[in-house]
Amino acid sequence: MSDLITGRKIDTEHQDKLQNLLPDELPLPEELAHLNQDDLNKLERKLTRVLDITLMPVVFILFLLNILDRNNIAGAKIVGLPSTLGMTNDEYNTCLLMFYIGYCITQVPGNLIIGKVRPSYYICLVTSLWGVISMSQGFVKNFSQLAGVRFLLGLVEAPFLPAVFVVLSCWYKRTELSPRIAVLYGGNMLATAFSGLIAAGITSRMEGAGGKPAWEWLFIIEGSMTVVIALLLLPLMVDYPLQSKHILLSRDLQLMAEWRIRKENAGIVDEDPESILWGLKQALIDPKLYMFVVLQMALITSQSFNNFFPSIVGTLGYDSTTTLLLTAPPYFFAFIVSLLISFLASHKHERGWHIAVPMIFALIGNLLAMFVPSTGGRYFSMFLMTGGAYSPYNLCVSWISASLPRPRAKRAAALAIVNFMAAGVAHFYTSYMFPDWQKPRYYIGGGVMSGSCIVTASMALGIKYYLKKQNEMFEVEETEGVVSHEQIKGSKTGHGGEAIVAFRYVH
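These numbers were taken from a predicted model, which means no experiment stands behind them.

So, about the overall build of the protein. Each helix and strand counted, the protein has 20 helices and 0 strands in total. Counting all 507 residues of the protein, 63% fall into the buried class. Within the protein, contacts between residues at least 6 apart in sequence are counted, and of these 81% link residues at least 24 apart. Accessible surface computed for the protein: about 18,800 Å², of which carbon and sulfur atoms make up 65%.

Here is the structure:
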């Protein structure tokens, strides 16, 4: 390792008071070698601007559609879906569960191939397909048909979100990624907020139109919107750096993107010279994967009120249209809190405490919802529940990507496995946490969510401590001239995937 230095701040997310090491400078690509530092800075700023007006709006809109099409069943329940189909509450919960069974089946295999295909076609076509399936929910006639369609919807939706996270991690640096994921995941909160408004608008005007109940039009209109919008956005969606031409991303910009991501990930090229299964194996033998699985499963469990939120708000005693409208403000609040937490965490170069503290507020919200008697107090508790439970999500996802960065297949597998366990398996039990007979307090759901808030906060601090110790070990090794750490590599030994510049975990 070339040398110890002092007095210069390096671009890592490790803030310990130990002596910093300057990474060996990663050589620029030949086509950029003639640029001076000012030119490189301008090129990098231009890259982030172009990404922010192309990649981010596209994935934000697609994610918004993803959440709308997944959760519109909650609004349909309020306006008569169970009575039309003759469904019991348990059958409705089973329909929710069927989605996640399908979701689990294609989660990992669907994302193992993301590194081998063009993400623009893969993501947009998957989105269009689930739009068609979502629309078909408006034509079902009984419980069995709805359960089958929900299963198919889960199969098709599963590859979307981890694939988007992989693509973002190939273009944005670690310091840039968590605020962007916060904006992206804001699509979840805004979609949930707008879903109530959209559902109120559609169902209040479409009841009986064409001889159909309003909930059928809700599925048909939202599903058809997804198909059209996804196809229109295809030309703007990006692939991996240097994989294909793009109308707004020049080759120089793509070279800059590839180089700077390599530089902060030990200089390892973000490609997959080994097989997909080798990348999967590297994820499975990394203990950090299992820490993040527990963290994310607990976090998603703390958000399990999502599919039942209109029903929970409905216990306040208002009519169906007012109830749907009242679901929006808590999610708008959660969106604002999420952005603030994310930008603060990025500025402070910290993750663990920025996840743990919001979960304490979510815990307080759950306790208030179960035990406060007043209507105003219970509605206030819903703001704490949503703001506290949703705001850490983007930090957790960016933390996974930064902690298992190479090779791409390992990162994709890790994101898929974590999403499989959290967004898939966790819903096997959360789908039954809010039985109607427990209205209005939902003690089972509130108790489980309260426990999961404590687990999430504890796990975040445990991961923080573990990664901090790993960084201390890296620093000791680098003072001895070792930079090729065993914990980060892009291929099998001797295949050119060893680290060539210093690396630090964010914690």
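Here the focus is the packing of aromatic side chains. With the rule as written, the count across this model stands at 12 aromatic pairs. Seen from their ring centres, Phe-292 and Trp-399 are 5.5 Å apart, and the 80 degrees between their planes marks the pair as edge-to-face. With Phe-292 in helix H12 (residues 287–302) and Trp-399 in helix H18 (residues 393–403), the pair connects residues that are 107 residues apart, well separated along the chain. Here the two residues Phe-292 and Trp-399 agree in accessibility, since each one is buried. Relative to Tyr-390, the ring of Tyr-331 has its centre 5.6 Å away and its plane inclined at 70 degrees; by these criteria the two rings are edge-to-face. On the criterion of sequence distance, the pair formed by Tyr-331 in helix H15 (residues 328–348) and Tyr-390 in helix H17 (residues 375–390) is long-range, its members being 59 residues apart.

Residues Lys-42, Arg-45, Lys-46 and Arg-49 make up a contiguous surface patch of positive charge. You can see Arg-49 is positioned in helix H1 (residues 37–53).

The next point concerns the pattern of salt bridges. In this structure the tally under the stated criterion is 11 salt bridges. A salt bridge links Arg-118 to Asp-239, with the shortest nitrogen-to-oxygen separation between them at 2.9 Å. Residue Arg-118 is found in the loop between helix H4 (89–112) and helix H5 (119–136), and its partner Asp-239 is found in the loop between helix H9 (214–233) and helix H10 (251–264); the two are separated by 121 residues along the sequence. Since its relative accessible area comes to 5%, Asp-239 is described here as buried. In this structure, a network of salt bridges that share partners links the residues Glu-44, Lys-173, Glu-176 and Arg-260.

Moving on: the nonpolar core. Membership of the largest hydrophobic core comes to 154 residues, with the highest contact counts inside it found for Leu-55, Leu-62, Ile-123, Leu-168, Trp-171, Phe-305 and Trp-399. With 14 residues, the top contributor of residues to this core is helix H2 (residues 55–78).

Moving on to empty space enclosed by the protein. Tallying each qualifying case throughout the model produces 9 cavities of 30 Å³ or more. In this structure, the largest cavity occupies an estimated 270 Å³ of space. What lines the largest cavity is a set of 25 residues, among which Arg-70, Tyr-185, Asn-188, Gln-303 and His-427 lie closest to the centre. Elements with a contribution of two residues or more to the lining of the largest cavity: H2, H4, helix H8 (174–206), H12 and helix H19 (408–430). For the lining of the largest cavity, the class distribution of residues is 12 nonpolar, 12 polar and 1 charged. Considered as a void within the structure, the second largest cavity measures approximately 150 Å³ in volume. Counted by class, the lining of the second largest cavity contains 7 nonpolar, 9 polar and 1 charged residues.

Attention shifts here to the side chain of Ser-120. Turning to its location among the elements, Ser-120 is positioned in helix H5. Residue classification places Ser-120 among the buried positions, given a relative accessible area of 4%. Not counting chain neighbours up to four residues away, the residues in contact with Ser-120 comprise Leu-234, Met-237, Val-238 and Asp-239.

This paragraph deals with the side chain of Arg-441. Mapped onto the fold, Arg-441 is located in the loop between H19 and helix H20 (443–479). Residue contacts for Arg-441: discarding those within four places in its chain leaves Ala-369, Met-370, Phe-371, Val-372, Pro-373 and Arg-378.

The next thing to look at is the environment of Ser-169. Counting through the fold element by element, Ser-169 comes out in helix H7 (residues 160–171). A relative accessible area of 7% places Ser-169 in the buried class. For Ser-169 and Tyr-240, which are 71 residues apart along the polypeptide, the C-alpha to C-alpha distance reads 9.9 Å. In contact with Ser-169, not counting residues within four places along its chain, are Leu-177, Ile-261, Ser-401 and Arg-411. At 2.7 Å, the side chain of Ser-169 and the backbone oxygen of Val-166 are in polar contact.

This part takes up H17. Compared with an ideal rise of 1.5 Å per residue, which puts 16 residues at 22 Å, H17 spans 23 Å between its outermost C-alpha atoms and is within 8% of the ideal. With 12 of 16 residues buried, H17 lies mostly within the body of the structure. In this structure Ser-374 caps H17, since a side-chain oxygen of it lies 3.1 Å from the backbone nitrogen of Gly-377.

The next thing to look at is the packing of H7 against H19. Viewed as axis vectors pointing N to C, H7 and H19 meet at an angle of 145 degrees, and their least axial separation amounts to 9 Å. The way H7 lies across H19 gives a crossing that is right-handed. Across the interface between the two elements, Leu-161, Pro-162, Phe-165, Val-166, Ser-169 and Cys-170 of H7 pack against Arg-408, Arg-411, Ala-412, Leu-415, Ala-416 and Asn-419 of H19. Its residues placed into classes, the contact of H7 with H19 shows 8 nonpolar, 2 polar and 2 charged.

Axis angle and axis distance: for two packed helices, these are the angle between their axes and the distance between the axes, and together they describe the pair. With their axes 10 Å apart at the nearest point, H2 and H9 run at an angle of 165 degrees to one another. As far as their axial angle goes, H9 and H2 are roughly antiparallel. H9 is crossed by H2, and the crossing has left-handed handedness. Each of Val-58, Ile-61, Leu-62, Leu-65, Leu-68, Asp-69, Asn-72, Ile-73, Gly-75 and Ala-76 in H2 lies in contact with H9, whose residues at this interface are Trp-215, Leu-218, Phe-219, Glu-222, Gly-223, Thr-226, Ile-229, Ala-230 and Leu-233.

Reading fine detail from the predicted coordinates is not recommended where pLDDT is low. Per-residue confidence for the protein gives a mean pLDDT of 82; residues scoring 70 or more make up 88%. Low confidence marks residues 1–23, where pLDDT is under 50. Its contacts with residues over four positions away, or in another chain, come to 55 contacts.

One can find Phe-361 in helix H16 (residues 352–371). Taking the C-alpha atoms as reference points, Phe-361 and Phe-383, 22 residues apart in sequence, are found 9.7 Å from one another.

Basis of the calculations
Residues numbered from 1 in each chain as written. Predicted model: local features only at pLDDT ≥ 70, side-chain atom pairs only at ≥ 80, totals over all residues. Heavy atoms only, no water. Helix = DSSP H or I, 4+ residues; strand = E, 2+ residues; numbered from the N terminus. Buried < 20%, exposed > 50% of the residue type's maximum accessible area, 1.4 Å probe, protein only. Contact = heavy atoms within 4.5 Å. Areas by Shrake-Rupley, 256 points an atom, 1.4 Å probe, with all protein chains shown as cover. Phe/Tyr/Trp six-rings, centres within 6.5 Å; stacked < 30°, edge-to-face > 60°. Patch = residues over 30% accessible without salt bridge, like charges linked within 9 Å, V, L, I, M, F, W, Y side chains within 5 Å. Salt bridge = Lys/Arg side-chain N within 4 Å of Asp/Glu carboxyl O. Lys, Arg positive; Asp, Glu negative; His and termini not counted. Charge placed at Lys NZ, Arg CZ, Asp CG, Glu CD. Core = buried A, V, L, I, M, F, W, Y, C linked by side-chain atoms within 4.5 Å. 1 Å grid on protein atoms, 1.4 Å probe; cavity = no way out; pocket = protein on both sides within 12 Å on 5 of 7 lines; lining within 4 Å. Points joined across faces, edges and corners; volume = space filled by probe spheres on them. Nonpolar A, V, L, I, M, F, W, Y, C, P; charged D, E, K, R; others polar. Polar contact = N/O pair within 3.5 Å; in protein donor to acceptor, adjacent residues only side chain to side chain. Expected span 1.5 Å × (residues − 1). Axes fitted to C-alpha atoms, helices over the stretch in contact; angles between N-to-C directions. Left-handed = near helix turned anticlockwise from the far one by under 90°. Parallel < 35°, antiparallel > 145°, perpendicular 65-115°, else oblique. pLDDT = per-residue confidence, 0-100.

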